Amino acid sequence: MSKIEKGSILDKIIGFVAMVWLRYIKPSWSHFRWRDRLAGDTLPVPKNIITRADIQSFLNECYPVFDWTMDGITELTDSYRPLPYLYNEYYDAKKAGGGNKFKDDCDGYHTVVWHVLNANNIECALITLVTKPFTKSHTMCAYKVKESGVTKYYVVDYNSIKGPYKDLESFVDSYRLPVRYWQLDKYDYEKRMFVREKEL
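My aim in this report is to walk through the structure given alongside it, one point at a time. (Residues numbered from 1 in each chain as written. Predicted model: local features only at pLDDT ≥ 70, side-chain atom pairs only at ≥ 80, totals over all residues. Heavy atoms only, no water.)

## Points about the overall build of the protein
No. 1: Scanning the protein from N- to C-terminus turns up 5 helices and 9 strands.
No. 2: Ordered by position in the sequence, the α and β elements of the protein form the string β-α-α-β-α-β-α-β-β-β-β-α-β-β.
No. 3: Against the globule reference of 16 Å for 200 residues, the protein gives a C-alpha radius of gyration of 16 Å, in line with a compact fold.
No. 4: Dimensions of the protein, computed from C-alpha atoms along their principal axes, come out at roughly 50 × 45 × 30 Å.
No. 5: The proportion of buried residues among the 200 residues of the protein is 46%.
No. 6: Summarising the internal contacts of the protein: among those between residues at least 6 apart in sequence, 67% fall at separations of at least 24.
No. 7: With the model as given, the accessible surface of the protein reaches about 10300 Å², and the carbon-plus-sulfur share is 55%.
No. 8: Averaging the coordinates of the 29 positive side-chain charges in the protein and doing the same for the 26 negative ones gives two points 3 Å apart. (Helix = DSSP H or I, 4+ residues; strand = E, 2+ residues; numbered from the N terminus. Rg over C-alpha atoms; globule rule 2.2 N^0.38 Å. Buried < 20%, exposed > 50% of the residue type's maximum accessible area, 1.4 Å probe, protein only. Contact = heavy atoms within 4.5 Å. Areas by Shrake-Rupley, 256 points an atom, 1.4 Å probe, with all protein chains shown as cover. Lys, Arg positive; Asp, Glu negative; His and termini not counted. Charge placed at Lys NZ, Arg CZ, Asp CG, Glu CD.)

## Section: the environment of Thr-51
No. 1: In this structure, Thr-51 sits in the loop between α1 (9-33) and α2 (52-62).
No. 2: Residues Thr-51 and Ile-122, spaced 71 residues apart in sequence, show a C-alpha to C-alpha distance of 9.8 Å.

## Here we look at α1
No. 1: At Ile-25, α1 is deflected by roughly 45°, the largest bend along its length, and proline Pro-27 occurs up to four residues later in sequence.
No. 2: Looking at α1, one finds that the buried residues are Asp-11, Gly-15, Ala-18, Met-19, Leu-22, Lys-26, Pro-27 and Ser-30. (Bend = angle between axes of the 7 residues up to and from the residue.)

## Brief notes about a nonpolar patch on the surface
No. 1: A surface patch of nonpolar side chains, amounting to about 500 Å² of accessible area, comprises Ile-4, Ile-9, Ile-13, Phe-16 and Val-17.
No. 2: Of all the elements, α1 adds the most residues to the nonpolar patch, at 4 residues.
No. 3: Mapped onto the elements, Ile-13 comes out in helix α1.
No. 4: The exposure class of Ile-13 is partly exposed, given its relative accessible area of 48%. (Patch = residues over 30% accessible without salt bridge, like charges linked within 9 Å, V, L, I, M, F, W, Y side chains within 5 Å. Salt bridge = Lys/Arg side-chain N within 4 Å of Asp/Glu carboxyl O.)

## Regarding the side chain of His-110
No. 1: By the element assignment, His-110 lies in helix α4 (residues 106-119).
No. 2: A relative accessible area of 0% means that His-110 is categorised as buried.
No. 3: Within the structure, the side chain of His-110 is placed 3.0 Å from the backbone oxygen of Thr-139, a separation counted as a polar contact.
No. 4: Among residues more than four places away in sequence, those in contact with His-110 are Leu-126, His-138, Thr-139, Met-140, Cys-141, Val-156, Asp-157 and Tyr-158. (Polar contact = N/O pair within 3.5 Å; in protein donor to acceptor, adjacent residues only side chain to side chain.)

This is how it looks when you write it as C-alpha cells:
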C-alpha cells in the first residue's frame, strides 16, 4: 500500500519523489549495496509471540540492545540492510547482554521487529511515513490481528505499541506530523530484498 497525501504543490512533489525513491530506487540500491551480506540463514527467532503483551515483552528485550545510528555516506545516507545479516547482528548483541549493541536507524530496528512477528505468523509490514518536515520521516512496523472477530491494526514504534486503529489510514491521519507520502514494505526472502506490500 502507498499513498501520496493531500497538501500543497510542494508537498505533492516531495511525496512523488519519495514514492519513486522508496518504491523503485531504495530497494534495488540496498540489494546492491549489501550484495555481499545477502546469503546465510537467520539465527533462532523467539516463538509463541501471539498477544500484544508477548510483542511488548520482545520489544523490551530488543530495544535496550539497539543503538540508533544514522546511515552513513557508504549507504548513500539511506539503505535497508538485509535479513538475515541484520537479525543476526541483533541476536549477537542480545546474547552479549547489550555490551555490543546492534547499530542502525529506524528501518533497521523495525526490520528486526518485522522479521520476528512474521516468523510468528503475524500479518505485518514496515510502514514508512514521509513527513513535513522531511527530516522527521520515520519507518515503523505495522501489524493486524483479529480481536473478538474484528480486525484491528497496531503500529510498533521502537519500544511502544500504538493502537488499536480501524485501519492504517486512521493511524496516518492521527500521526504527530503532516504526512506527505506513506508506503508499506516487506522483506522477500527468496529475492533477498525489500518489496512494496500492496496491502496489510
